[in-house]
Amino acid sequence: MSSDDVVVAESSIRENWSQRAENVDGDEQLADYLAHIRLVDQNTFQIALPTLCIVAEKDITNARKRDLEGICADVLLDPESSRPSRRAVLACLKVFRSGSAWTDFYTLIEALEEPQFHIIRPVLPRFEALLNAVRDGRIEFIWLRIALSRAVCHTNGWIRVWAIEKSASIDCNILEKNHEFITSFIIPNLNNNDVFWRQLEKEKLEEFLLQLGATINSIKFAPGFFRNLITSIGALSCPTAVFFVVSTLTSISCSEVLNDDDVALMRQVVLRARYVPHKSIRVTTIRNLVVFYANVTRLSSVVLEELCNLIGYFSQDATSAMVESTFLQIHRIIISTEYENVEEPISLQSKFLDDAKNLGLHSKMWWLSMGTDQALQEKMLSKIQLEVSETLGEETPSDLSIQLFLLKERPSNVICKDDVMECMKNELGEYILTKIVSNEGTKREFELLHSLYIPLFTKYCSHLFFPFALAVIKMLTEIKSCESSAFMLTFFDAIVEKVADDHLEVLSRGFLDYLGGKDVIGMKRQKKSVEEYDTKEFNAIVAILHSLRIKLLNKFITEVDVNSFLTECVEQLDVASAFPVKQQICHLMSRSIRRCSDPELTLQCIRACSNIVNEEKKSLNSLPALDCFVNVTLSASQSNPKVSQESIEHIESQLSIASQSTPVALIIVDALTKYKANLDANWAPIIVKLALFGPVPKKETRVISYAYSRIFEEEESHFEKDQIERMDEVVQKARFKAVLLALKLSSEDNTRWTYPLMEEIFKASAVMDQSSSRSFGLSMAHRQKTRGVELLHLLTTRIEDEEFAEKIFDFCIKCVVDPCQQFSIKLIVEWTIARLCAKFDKLFKKLTDDSFERNMAAQRIGSMSSWLNVLMLISRASPKNVDQCLEKVIVWCTAQNFPVRCSALAAARLMFSTLDKDRRKKWRLFKSIVNFDAEPSGNSRRVIDNLCSDFYFAKLHIDDHFDFHTVLSLIASRTGMPAEETIPEKIIEELNTIKNQIKSSNNDSTLLSAPSDVYSALSKNASCAPSMENEDTGDLDEIPEETEEEKTTSSFQRKIVKDTEMKDDGVSLIVVASLVDKPNNLGGICRTSEIFGVDTLVVADVLVAQDSNFKALSMSSENWQNIEAVKPANLLEYLQGLRANGYTVIAAEQTTDSVMMHDFVFPKKAVIVMGDEKEGVPVGLLRAVDQTVEIKQVGHTRSLNVHVTAALMIAKFAEQVRFAKN
């Protein structure tokens, strides 16, 4: 059907429905009409919706009004509904629903149709008024839900989060009557990381989770609520959403709401949680679910059995402490509910005969089910001990698995005078050996081996380790079954670790005989003997057998022909399919490769291991594979240039993916530290890259890191100390370990390492300085340069060469002269300069030389503030230099530049305060200058006072405060860097192995607590979360009553109309600010441009709009101001193109033929070109300019800020052209 035909068809449908609506007469016809409109297809439905206004205006009954409300509510709740459809149903509602509550509802819904945040924010307080109307019964809850659902569908993420937070804060008595709102609205809308990231930005996530938990707890007895809640949690797909929502359930008080019938529902959610990819989050989530189930379910044998099965889903990944903690919580619940249900061990035997996997868990639960009845527990213990002692005494003991599990898992508080397993440990050992020798390698036997036989044998039969190990190794030569061999070798591997060293030689001979020689790495093809294993399970058994053979070979071999042995390893690595086998072969290689005499063979080994990394890249073995590779690579001798070069290339290749998988960096730096003796200066680039490592965290990464920090903060003792698992600390640990490695290497061989490391920092810094985002706060260039100067600062302590020290000095001076550098960089390099000057007199003389001072001021006058701060630091650390520093400072106390003048006066005041009485007499005239207030009505006094009280200007000591925590954490945080850019004190204390060289932290309480008002400008804008409070509107009580005329259109609608009326045809203004590089200036220009209707703002890089300094002045104007990117190099061509399209190009510049702005008449189509903050508009661009315009000045100050100049010219254009009356 053609487009014309579609239009005709739609017109016909519209006319037909309009006619039908007009003809509706009476309640019955209206009911038929409304029933019919619900049945039509979606396209017809949308066309027919406007006709609802026609029937709404008729005399209709309350029943039909409810029908109309139902249709309107369905449309408004539909996230896929169109804006015209929503407009139509709102118009229908306005016909027969009015009043203050409905006015609030209409205003909210209509405001939420607008994309602009600043339009919506003033209307948000009306939500409270709408909620009050629901409380008072003046409007139904469904309309409140509609308002929130429209907010959740909004394109602005902050509006969406506001709606979710408001939803969770609704009165509990309202939610109890509408509890499906939680399970069908709140929980599903939490199914993404964006929600939690925004709450983290607002620092309200904990508050929200507490509120949600309290709400759930208060309405838990609502019929069907918990079942719906569990179902909604099971539908979540975002791992962190599952974790955070389930964490709120831990606050639910004990209440028997669920029963045996809900077991399947419980299991369903736990099975879903098993697919959470992050181990600690997965374990904690399932544990919290288990405790929640125990808390809210009427306990029975069926429920306790299921709880054991659910614990089994995480017990393999959890520590024994975590499992014990879970059982302890369940035990408390059993006691509080006075549960009574004790089963005899014989019933456990029949019930769990085929479930050896969770038999230990069921045994523990069996004891706990007795509650606090210790007498009963002791009675049962005596009965079981008697049964075990009688059975072990038999010539052929029957199976004791259940009884031994019950004894193994008995509570510690149950008194046991004579432990039967201790008394009969020889018999117990014989029983276990019989089970080992007679095994068939079934699944049940493997479960019993790991959960029962090995733990009991290790605990009670240590005196039998050697004879039993010897017996097992002799038996192995006779075993033909692969499954049985794997079973016995697993047992042998567990006990051989405990055998004394003097017995190992005997075991070594026996094992090598079984193996067939000390160089036998491969294994012949195996056949399946146990039918219960499928192909995948049998392959896993084969992998266990093969990997154990290689592992034990690695333990027992001593001398081999290294080259032939490594050749065999490479060949076997090529044919091996299972990763555990490859892993053990790599361990063999890393042990021998150091002694390899053939560089080509060494490279073959490295390449073979690199292939494993590529093969396992997308599997769960990716990190273990990398660990194998780096250990083999760095174990090899790096003395051969070819080996060293290829090794570096391979490691750099792996490091390149570390931004996507941060543990990669930690694995590499650990290996470099372990094998640092093998390294030479060629490895300096990699070490520096690791010290500068750290990607800008994505939303998902931030949320996951927070989840990990929350888990480990609350229950760190329940988890293994696995640094790879600590996702919240991986980046900081990798960075700090690399810093430590650099410092260790420079300490061990200063000449060989220190200078190459510093050269790499200089190179890396030069690359960052080429970045287009280098001036943007918290950009990658800013972050990496901050890390680079921190490392440089720490390495400076190793510098002894005065010539190289001057090179560092020049680098630091370049940093402070550069106008793009942030405080996190400046403060560190100022400190570095001061330490160098204190150490080398030549550099202090250079710093205070008149020509150096003039040259520095000429490059950038603002850099003199840094120069003055350096003098402050030097004078504080070296009192003998105070007079000389004061002489330099006094000159700048009358500087024209305001920041420099204030810095000089503050520095002079502080220096003067350190002088003794005699020296103060010498400088008494200077005291008058310092105390003279030339600007009593200005800001200078406040700025000077702030500087004098700012710790980092007035008290920081270059030696006393030199420690890891101050350099790597405090300075960064005080200058506005986010938490991920600091190294936590806990990590520093844990990892610092050179405390004798550099302290971990500082005991100066003033330093630790001192904020920085002077240097913390960036931190004020570090969070991108907007204020949701209405700054323009008072409390709800202060909202004035609306007139009848105002009721027809809301306030935000009138505002939109006024804005849109301001643009006239043919008027166009483009502002070109590509030459402006400071984000705060660009932010101000953007705000002015948006306010006065500039069509396009042109900048060098649109990413500047993401900079926090830009946003501090832009006030969100970038969200609706059109911004385009044109590089400075392309400006000439761009401007010539605009001229060809009829634009007049005007440059804000002082030239011989420039016109004063108050005399200039702007054309209707204009381009305003703003120059560089320092150099103005380049001469090369002036040929594309039609007219230069300047602003007349009558004061002494040389020029206006570029943002102010742009604002004046834009406003002048608006006054003359855009706002001009015809």
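Attention in this report is confined to the structure presented alongside it. (Residues numbered from 1 in each chain as written. Predicted model: local features only at pLDDT ≥ 70, side-chain atom pairs only at ≥ 80, totals over all residues. Heavy atoms only, no water.)

Side note on the overall build of the protein chain
So the rule is basically this: The numbering of helices and of strands both runs from the N terminus, where a helix is a DSSP run of H or I of at least 4 residues and a strand a run of E of at least 2. For the exposure calls, accessible area comes from a 1.4 Å probe over protein chains only, and a residue counts as buried if that area is under 20% of its type's maximum, exposed if over 50%, partly exposed in between. Residue contacts are defined here by distance: any two heavy atoms, one from each residue, within 4.5 Å place the two residues in contact. Using the Shrake-Rupley algorithm and a 1.4 Å probe, accessible areas are obtained, with residue cover drawn only from the displayed protein chains. His residues and chain termini do not enter the charge count, which takes Lys and Arg as positive and Asp and Glu as negative. For this purpose, a charge sits on NZ of Lys, CZ of Arg, CG of Asp or CD of Glu.
A tally of helices and strands in the protein chain yields 64 helices and seven strands. For the protein chain, the residues scored as buried account for 55% of the 1222 residues in total. Expressed as a percentage of contacts within the protein chain between residues at least 6 apart in sequence, the contacts between residues at least 24 apart total 77%. Element-wise, carbon and sulfur atoms account for 49% of the exposed surface of the protein chain, whose accessible area totals about 54400 Å². The positive charge centre, built from 137 side chains, and the negative charge centre, built from 169, are 5 Å apart in the protein chain.

Structural notes on the packing of helix α20 (residues 301-315) against helix α23 (residues 359-368)
Note the following rule: Where helices are involved, their axes are fitted lines through C-alpha atoms of the stretch in contact, as for all axes, and angles between N-to-C directions lie from 0 to 180°. Orientation is classified from the angle alone, with under 35 degrees giving roughly parallel, over 145 giving roughly antiparallel, 65 to 115 giving roughly perpendicular, and any other angle giving oblique. Crossing handedness follows the turn of the near helix against the far one: under a right angle anticlockwise gives a left-handed crossing, and clockwise gives a right-handed one.
Where α20 meets α23, the closest approach of the two axes is 9 Å, and the angle between their N-to-C directions is 135°. What the angle tells us is that α20 and α23 run oblique. With respect to the hand of their crossing, α20 and α23 are arranged in right-handed fashion. Residue-level inspection shows Leu304, Glu305, Leu307, Cys308, Asn309, Ile311, Gly312 and Ser315 of α20 in contact with α23, the latter providing Leu361, His362 and Met365.

Considerations on the environment of Glu802
With respect to the helices, strands and loops of the structure, Glu802 is situated in helix α44 (residues 802-817). Excluding residues that lie within four positions of it along the chain, Glu802 makes contacts with Phe840 and Lys842.

So, empty space enclosed by the protein
Note the threshold: Using a 1 Å grid laid over the protein atoms alone, points where a 1.4 Å probe fits but cannot get out form a cavity; open sets with protein on both sides within 12 Å along at least 5 of 7 lines form a pocket; any residue with an atom within 4 Å of a point counts as lining. Grid points are joined across faces, edges and corners, and a volume is the space filled by probe spheres set on the points. Note on residue categories: nonpolar means Ala, Val, Leu, Ile, Met, Phe, Trp, Tyr, Cys or Pro, charged means Asp, Glu, Lys or Arg, and polar means any other residue, Gly included.
Taken as a whole and assessed by the stated rule, the structure comprises four cavities of 30 Å³ or more. The computed volume of the second largest cavity comes to approximately 100 Å³. Lys279, Ser280, Asp317, Phe719 and Glu720 are, among the 13 residues lining the second largest cavity, the residues nearest its centre. A total of three residues in the lining of the second largest cavity trace back to one element, the largest contributor, which is helix α19 (residues 279-296). Its residues assigned to classes, the lining of the second largest cavity comprises five nonpolar, three polar and five charged.

So, a negative patch on the surface
Test applied: To count toward a patch, a residue needs a relative accessible area over 30% and no salt bridge; like charges are then connected within 9 Å, while nonpolar side chains (Val, Leu, Ile, Met, Phe, Trp, Tyr) are connected within 5 Å. In the sections that follow, a salt bridge refers to a side-chain nitrogen of Lys or Arg positioned within 4 Å of a carboxyl oxygen of Asp or Glu.
On the surface, Asp801, Glu802, Glu803 and Asp841 cluster together to form a negatively charged patch. If you trace the backbone, Glu803 turns up in helix α44.

A short note on the side chain of Ser644
Secondary-structure assignment places Ser644 in helix α37 (residues 641-655). Residue Ser644 is classed as buried on the basis of its relative accessible area of 3%. Among all residues touching Ser644, those that are not within four sequence positions of it are Gln638, Asp680, Asn682 and Trp683.

What to know about the state of the cysteines
Here is the idea: a disulfide is a covalent bond, and it sits between the sulfur atoms of two cysteines. What counts here: Our working definition of a disulfide is a cysteine sulfur pair at a distance within 2.5 Å.
Taken as a whole, this structure holds zero disulfides when the rule is applied. With no disulfide partner, Cys596 has as its closest neighbouring cysteine sulfur the one in Cys605, 6.2 Å distant. Judged by relative accessible area, Cys596 falls into the buried class, the value being 13%. Among the cysteines around Cys948, which has no disulfide bond, Cys902 carries the closest sulfur, lying 10 Å off.

Observations regarding the packing of aromatic side chains
Note the cut-off: Only rings of Phe, Tyr and Trp enter the pairing, Trp through its six-membered ring, and a pair is recorded when the two centres are within 6.5 Å. The plane angle decides the type: under 30 degrees is stacked, over 60 is edge-to-face, the rest tilted. Any Lys NZ or Arg CZ that is within 6 Å of a ring centre and within 35 degrees of that ring's normal is treated as a charge sitting over the ring.
One pass over the full model with this rule turns up 38 aromatic pairs. Ring geometry for Phe736 against Phe964: centres 5.0 Å apart, planes inclined by 90°, an arrangement best described as edge-to-face. Highlighted residues: Phe736 in helix α41 (residues 730-748) and Phe964 in helix α55 (residues 964-974), separated in sequence by 228 residues. With relative accessibility at 0%, the residue Phe964 sits in the buried group. Pairwise contacts between aromatic rings join Trp102, Phe105, Tyr106 and Trp143 into one cluster. Looking at Lys364, its charged tip hangs above the ring of Phe327, at a distance of 5.8 Å from the centre. It is Arg726 that lies over the ring of Phe712; its NZ or CZ is 4.1 Å from the centre.

What to know about α19
Selection criterion: Multiplying one less than the number of residues by 1.5 Å gives the expected span of a helix.
With 18 residues, α19 ought to run about 26 Å at 1.5 Å a step, and its terminal C-alpha atoms sit 26 Å apart, in line with that. Across the 18 residues that make up α19, a large majority, 17, are buried.

A word on the sheet that holds strand β2 (residues 1096-1099)
For clarity, the threshold we go by: Any two strands between which DSSP finds at least two bridges are classified as paired.
Strand order across the open sheet formed by seven strands is β3-β2-β1-β6-β4-β7-β5, with parallel pairing between neighbours. Each of the sheet's edge strands pairs with one partner strand only, and the pair in question is β3 (1123-1125) and β5 (1155-1156). In this structure, strand β4 (residues 1144-1148) lies alongside strand β6 (residues 1165-1169), joined through four bridges in parallel fashion. Paired with Val1145 across the two strands is Val1167, which belongs to β6.

Overview of the environment of Thr1151
Along the polypeptide, Thr1151 turns up in the loop between β4 and β5. Owing to a relative accessible area of 24%, Thr1151 belongs among the partly exposed residues under this scheme. Counting along the chain gives 36 residues from Thr1151 to Gln1187, while the straight-line C-alpha distance between them is 9.8 Å. Beyond its immediate chain neighbours, meaning those up to four positions away, Thr1151 contacts Leu1182, Thr1188 and Glu1190.

A few points about the pairing of β2
Working note: regular strand, side chains alternate between the two faces of the sheet. Just so we agree on the cut-off: Look down the strands so they point away from you; if going from the first strand over the helix to the second traces a clockwise path, that crossover is right-handed.
The alternating pattern of β2 places Thr1096 and Val1098 on one face and Leu1097 and Val1099 on the opposite face, and all of these are buried. In this structure, strand β1 (residues 1068-1072) lies alongside β2, joined through three bridges in parallel fashion. Its bridge partner being in β2, Ile1070 is matched across the sheet by Thr1096. The parallel pair β1 and β2 is bridged by helix α60 (residues 1079-1091), and the resulting crossover is right-handed. Bridge count for β2 against β3 is three bridges, and the pairing is parallel. Within the sheet, the bridge partner assigned to Leu1097 lies in β3 and is Ile1123. Crossover connection from β2 via helix α61 (residues 1108-1114) to parallel β3: handedness right-handed.

Topic: the nonpolar core
Rule in force here: Note on terminology: a nonpolar core comprises buried Ala, Val, Leu, Ile, Met, Phe, Trp, Tyr and Cys residues joined through side-chain atoms within 4.5 Å.
Of all hydrophobic cores here, the largest spans 232 residues; its most connected members are Phe492, Phe511, Met589, Leu847 and Phe964. No other element matches α41, which puts eleven residues into this core. Not counting the four nearest positions on each side in its chain, Phe511 is found in contact with Ile473, Leu489, Phe492, Arg549, Leu552, Leu553 and Phe556. Among the nonpolar cores identified, the runner-up in size contains 137 residues, and Phe96, Ile281, Ile711 and Phe712 belong to it.

Description of the pairing of β6
Counting buried positions along β6 yields four of five residues, so the element is predominantly enclosed. Note: β1 against β6, five bridges, orientation parallel. When the sheet's bridge partners are listed, Ile1070 is paired in β6 with Val1167.

So, the pattern of salt bridges
Using the criterion set out here, one finds 65 salt bridges in the structure. A salt bridge links Lys364 to Glu324, with the nearest nitrogen and oxygen atoms 2.6 Å apart. Placement of the pair is Lys364 in helix α23 and Glu324 in helix α21 (residues 320-336), with a sequence separation of 40 residues. Here Lys425 makes a salt bridge to Glu422, at a shortest N to O gap of 3.5 Å. A relative accessible area of 30% means that Lys425 is categorised as partly exposed. Taking the relative accessible area as the measure of exposure, Glu422 reaches 38% and is therefore partly exposed. Linked through salt bridges whose partners overlap, the residues forming this network are Glu716, Arg726, Asp728, Glu729, Lys733, Lys986 and Glu990.

That is the geometry; function is a separate question.
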